[in-house]
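Results of the structural survey
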Amino acid sequence: MKIVLDRPRCEGHGLCEQAAPQLMHLDADGELVLHHEEIDEADAALANAAVRVCPVTALRIA
Ligand code: SF4
């Protein structure tokens, strides 16, 4: 399982970072950085929370 970012769609508001700061953060330029693409079961709930909170559906689980 991995988390996938549609970067052109991302508007950089950081709601996903608030939902799952262990998995992602916005860098100094406002670009979202995924800490790792592969998501294990322990991080699945956080990853799903980040996906749900994104207002432009730029994140998905694959
Ligand atoms: S919530 Fe969505 S639009 Fe906002 S930074 Fe995260 S991925 Fe990008």
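Let me begin by describing the structure that accompanies this report. Because the structure is predicted, anything quoted here is derived from the model rather than measured. (Residues numbered from 1 in each chain as written. Predicted model: local features only at pLDDT ≥ 70, side-chain atom pairs only at ≥ 80, totals over all residues. Heavy atoms only, no water.)

**A short note on the side chain of Asp43**
Condition: By definition, any uninterrupted DSSP run of H or I lasting at least four residues is a helix, any uninterrupted run of E lasting at least two residues is a strand, and each is numbered from the N terminus. Exposure classes here rest on a 1.4 Å probe applied to the protein chains alone. A residue is buried below 20% of its type maximum, exposed above 50%, and partly exposed in between. His is not counted, nor are the chain ends, whereas Lys and Arg count as positive and Asp and Glu as negative. Salt-bridge detection follows one rule: a side-chain nitrogen of Lys or Arg within 4 Å of a carboxyl oxygen of Asp or Glu. Here, residues are in contact when the closest pair of their heavy atoms is within 4.5 Å.
Structurally, Asp43 can be placed in the loop between strand S3 (32–34) and helix H2 (44–53). The charged side chain of Asp43 is buried without a salt bridge, its nearest counter-charge being Arg52 at 14 Å. In this view, Asp43 contacts Leu23 and His36; residues no more than four positions away in its chain are not counted.

**A closer look at the site of the ligand**
Here is the rule we go by: A single heavy atom is enough: if one lies within 4 Å of a molecule or strand, its residue is considered near that molecule or strand. Throughout this entry, Asp, Glu, Lys and Arg are counted as charged residues, while Ala, Val, Leu, Ile, Met, Phe, Trp, Tyr, Cys and Pro are counted as nonpolar. The remaining residues, Gly among them, count as polar.
Near the ligand, the surroundings consist of 13 residues, among which Cys10, Glu11, Gly14, Cys16 and Cys54 are the closest. For the shell around the ligand, the per-class residue count stands at nine nonpolar, three polar and one charged.

**What about the pattern of salt bridges?**
All chains considered together, the criterion is met by three salt bridges. The salt bridge partner of Arg9 is Asp6, with a shortest N-O separation of 3.4 Å. Overall, Asp6 belongs to the partly exposed group, its relative accessible area being 34%. We note a salt bridge from Arg7 to Glu31, for which the minimum N-O separation is 3.1 Å.

Interpretation in functional terms is not warranted from these geometric data alone.
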